[in-house]
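# Topology and contacts: notes
Chain residues, written in single-letter form:
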Amino acid sequence: MASRTPYIAANWKMHKTVAEAAEFVDALLPRIAATQHDVVICPPFTALTAVVERRYGTAVKVAAQNMHEEESGAFTGEVSAPMLVELDVEAVVLGHSERRRHFCETDEALARKVPVALAAGLEPILCVGESEEARDAGETEEVLERQLQADLAGIESGQLADVVIAYEPIWAIGTGRTATPEQAQEVCAFIRDVVRMRGAAADELRVLYGGSMKPANAPELLALPDVDGGLIGGAGLDPEEFAAIVEAAG
Ligand code: PGA
């Protein structure tokens, strides 16, 4: 099996002003100075530059939380891939369940966004996950397979492993309810299998778990064979907690 570099990302959502972002990075950097992992911060658009400038010369990568699929146009409020690349942003979160739910993000739009991001040199962090109703109805795998096939439809098999996939069960996001290690392992392995069926180098694919990951549960989740990292919301707002999760990745 290929060895996969752990990938630990803090998704700040709509939190932190520029001043607060700068304070976070200054507190985080000395705590993770020795890490060999991919450490990623996903600030709101307004704080991207502040984080980019502070992380030069460190292992920290910066990701936006969304991106429009067109390069430019009459799309008020949106931001495009070339605009992010110009800021030295390296990655972009796509398809977060909050965007799917509150901002009508569709699988059709994602099928365009993922290849546009890759072509621009941005690493896509594609989020997928089932609702509580789908899980209770025993439809978790069906929902995930549908999302993966739709969202990755425009990606050649040779490029699939360049996408980072975050498994985020909707019922575990911001709720304090974490998937059990068995659930996280089962689904992350399933995601790898779906990508493998597309002929990809699935052993190189990074699959993250997201949903109430904290320093207390991170060691167990990050030790699972098919969980290669985390997408962290709440605990990613605090430099000490986030650094503890980076450390928990080994
Ligand atoms: P949470 O959020 O860690 O606060 O549950 C995770 C996410 O939405 O990415």
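What counts and what doesn't
- Residues numbered from 1 in each chain as written.
- Predicted model: local features only at pLDDT ≥ 70, side-chain atom pairs only at ≥ 80, totals over all residues.
- Heavy atoms only, no water.
- Helix = DSSP H or I, 4+ residues; strand = E, 2+ residues; numbered from the N terminus.
- Rg over C-alpha atoms; globule rule 2.2 N^0.38 Å.
- Buried < 20%, exposed > 50% of the residue type's maximum accessible area, 1.4 Å probe, protein only.
- Contact = heavy atoms within 4.5 Å.
- Areas by Shrake-Rupley, 256 points an atom, 1.4 Å probe, with all protein chains shown as cover.
- Lys, Arg positive; Asp, Glu negative; His and termini not counted.
- Charge placed at Lys NZ, Arg CZ, Asp CG, Glu CD.
- Salt bridge = Lys/Arg side-chain N within 4 Å of Asp/Glu carboxyl O.
- Near = heavy atom within 4 Å.
- Polar contact = N/O pair within 3.5 Å; in protein donor to acceptor, adjacent residues only side chain to side chain.
- Nonpolar A, V, L, I, M, F, W, Y, C, P; charged D, E, K, R; others polar.
- Core = buried A, V, L, I, M, F, W, Y, C linked by side-chain atoms within 4.5 Å.
- Disulfide = S-S within 2.5 Å.
- Phe/Tyr/Trp six-rings, centres within 6.5 Å; stacked < 30°, edge-to-face > 60°.
- Pairing = 2+ DSSP bridges.
- Axes fitted to C-alpha atoms, helices over the stretch in contact; angles between N-to-C directions.

Another point: the overall build of the protein. A tally of helices and strands in the protein yields 10 helices and eight strands. Expected size for 250 residues packed as a compact globule is a radius of gyration near 18 Å; at 17 Å, the protein falls within 12% of this value. Expressed as a percentage of the 250 residues in the protein, the buried residues total 55%. In the protein, once contacts between residues fewer than 6 apart in sequence are set aside, the share between residues at least 24 apart is 71%. Surface exposure of the protein reaches about 10900 Å², of which carbon and sulfur atoms provide 50%. Of the charged side chains in the protein, 20 are positive and 41 negative, and the gap between their average positions amounts to 1 Å.

The subject of this paragraph is the pattern of salt bridges. Across all of its chains, the model carries 19 salt bridges by this definition. With a closest N to O distance of 2.9 Å, Glu105 and Lys113 form a salt bridge. The same class applies to Glu105 as to Lys113, namely buried. Glu123 serves as the salt-bridge partner of Arg206, at 3.8 Å between the closest nitrogen and oxygen. Taken together, the positions of Arg206 in strand E7 (residues 206-210) and Glu123 in strand E5 (residues 123-128) put the pair 83 residues apart, joining distant regions of the chain. Comparing Arg206 with Glu123 shows no difference in burial state: the two are buried. Counted as one network, the salt bridges with shared partners bring together Arg4, Arg192, Asp226 and Asp228.

Around the ligand, a shell composed of 13 residues is seen, among which Lys13, His96, Glu168, Gly174 and Ser212 lie nearest. Gly233 places a polar main-chain atom, nitrogen or oxygen, 2.9 Å from an oxygen atom of the ligand. Between the ligand and the protein, one listed contact pairs an oxygen atom with a backbone N or O atom of Gly234 at 2.9 Å. Protein chains bury 96% of the 280 Å² of accessible surface belonging to the ligand in isolation. Within the shell around the ligand, the residues separate by chemical class into four nonpolar, seven polar and two charged.

Counting residues in each nonpolar core, the largest one holds 67 residues, and the members touching the most others are Leu84, Leu152, Ile165, Tyr209 and Phe242. For this core, the leading source of residues is helix H8 (residues 181-197), giving seven residues. Non-local contacts of Phe242, meaning those with residues more than four positions away in its chain, are made with Ile8, Ala9, Ala10, Phe24, Leu28, Val39, Val40, Ile232, Ala235 and Gly236. In this structure, Tyr7, Ala9, Ala63 and Leu231 belong to the second largest nonpolar core, which totals 13 residues.

Time to look at the state of the cysteines. Summed over all chains, the structure comprises zero disulfides. This cysteine, Cys104, is not joined by any disulfide, and Cys127 carries the nearest cysteine sulfur, 17 Å off. No disulfide involves Cys188; its sulfur sits 12 Å from that of Cys127, the nearest cysteine. A residue is classified by how much of its surface remains accessible, and Cys188, at 0% relative accessible area, is buried.

Take the packing of aromatic side chains next. Applying the stated criterion across every chain, the model contains three aromatic pairs. Ring geometry for Trp12 versus Phe24: centroids 4.8 Å apart, planes at 80°, classification edge-to-face. Here Trp12 is found in the loop between strand E1 (7-11) and helix H1 (18-28), whereas its partner Phe24 is found in helix H1, with 12 residues between them in sequence. Of the two residues, Trp12 and Phe24, both sit in the buried class.

Further remarks concern the sheet that holds E5. Pairing is parallel around the closed barrel formed by eight strands, whose spatial order is E1-E2-E3-E4-E5-E6-E7-E8. Averaged over neighbouring strand pairs, the angle between their axes works out to 25° when direction is ignored. Where strand E3 (residues 60-64) lies against strand E4 (residues 91-94), two bridges are found, and the strand directions are parallel. The residue of E4 that forms the bridge with Ala63 is Ala91. Where helix H7 (residues 140-151) meets the sheet, its contacts fall on E5 and strand E6 (164-167), and the angle it forms with E5 comes to roughly 150°.

The next subject is the environment of Ala33. Counting through the fold element by element, Ala33 comes out in the loop between H1 and strand E2 (38-42). What makes Ala33 exposed here is its relative accessible area of 66%. With 202 residues separating them along the chain, Ala33 and Ala235 place their C-alpha atoms 19 Å apart.

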